[in-house]
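Residue-level structure breakdown
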Amino acid sequence: MAGELWRAVCLVAVLEGLVLFVSPHGWKRAAEQLRSLPDPHLRAVGGIVVTMALTALWCLRGG
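Here's what I pulled together on the structure shown here. This structure is a prediction, so every number in the text was calculated from the model and none was measured.

This part is about the overall build of the chain. A tally of regular secondary structure across the chain gives three helices and zero strands. Shown N-terminal to C-terminal, the secondary structure of the chain runs as helices and strands in the order α-α-α. What you see for the chain is a C-alpha radius of gyration of 15 Å, clearly larger than the 11 Å of a compact globule of 63 residues, by over 25%. Expressed as lengths along the three principal axes of its C-alpha atoms, the size of the chain is roughly 40 × 30 × 15 Å. Relative to its 63 residues, the chain shows a buried fraction of 2%. Working note: accessible area of the chain is about 5900 Å², and carbon and sulfur atoms make up 72% of it.

This part is about the environment of R35. As for its position among the elements, R35 is in helix α2 (residues 24-35). For R35, a relative accessible area of 74% corresponds to the exposed category. Residues R35 and M1 lie 34 residues apart in sequence; the distance between their C-alpha atoms is 36 Å.

Attention now goes to a nonpolar patch on the surface. Together, L11, V14, L15 and L18 line one region of the surface with nonpolar side chains, adding up to about 370 Å² of accessible area. Since its relative accessible area comes to 47%, V14 is described here as partly exposed.

Conventions we followed
Residues numbered from 1 in each chain as written. Predicted model: local features only at pLDDT ≥ 70, side-chain atom pairs only at ≥ 80, totals over all residues. Heavy atoms only, no water. Helix = DSSP H or I, 4+ residues; strand = E, 2+ residues; numbered from the N terminus. Rg over C-alpha atoms; globule rule 2.2 N^0.38 Å. Buried < 20%, exposed > 50% of the residue type's maximum accessible area, 1.4 Å probe, protein only. Areas by Shrake-Rupley, 256 points an atom, 1.4 Å probe, with all protein chains shown as cover. Patch = residues over 30% accessible without salt bridge, like charges linked within 9 Å, V, L, I, M, F, W, Y side chains within 5 Å. Salt bridge = Lys/Arg side-chain N within 4 Å of Asp/Glu carboxyl O.

What follows is the structure, encoded as structure tokens:
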């Protein structure tokens, strides 16, 4: 279980690194837009993303 968690963390790091490598200007622009959003909106978006990711993981693992 711990090995799978570390692999998942490494995969997230690879994907985030790819975004920064491929489009640093786009990432900066997106970060600036996020700064202008109120905290409750960011929390709602974060909650939705977490829920979708957990649902996808559950589906991929076969329930």
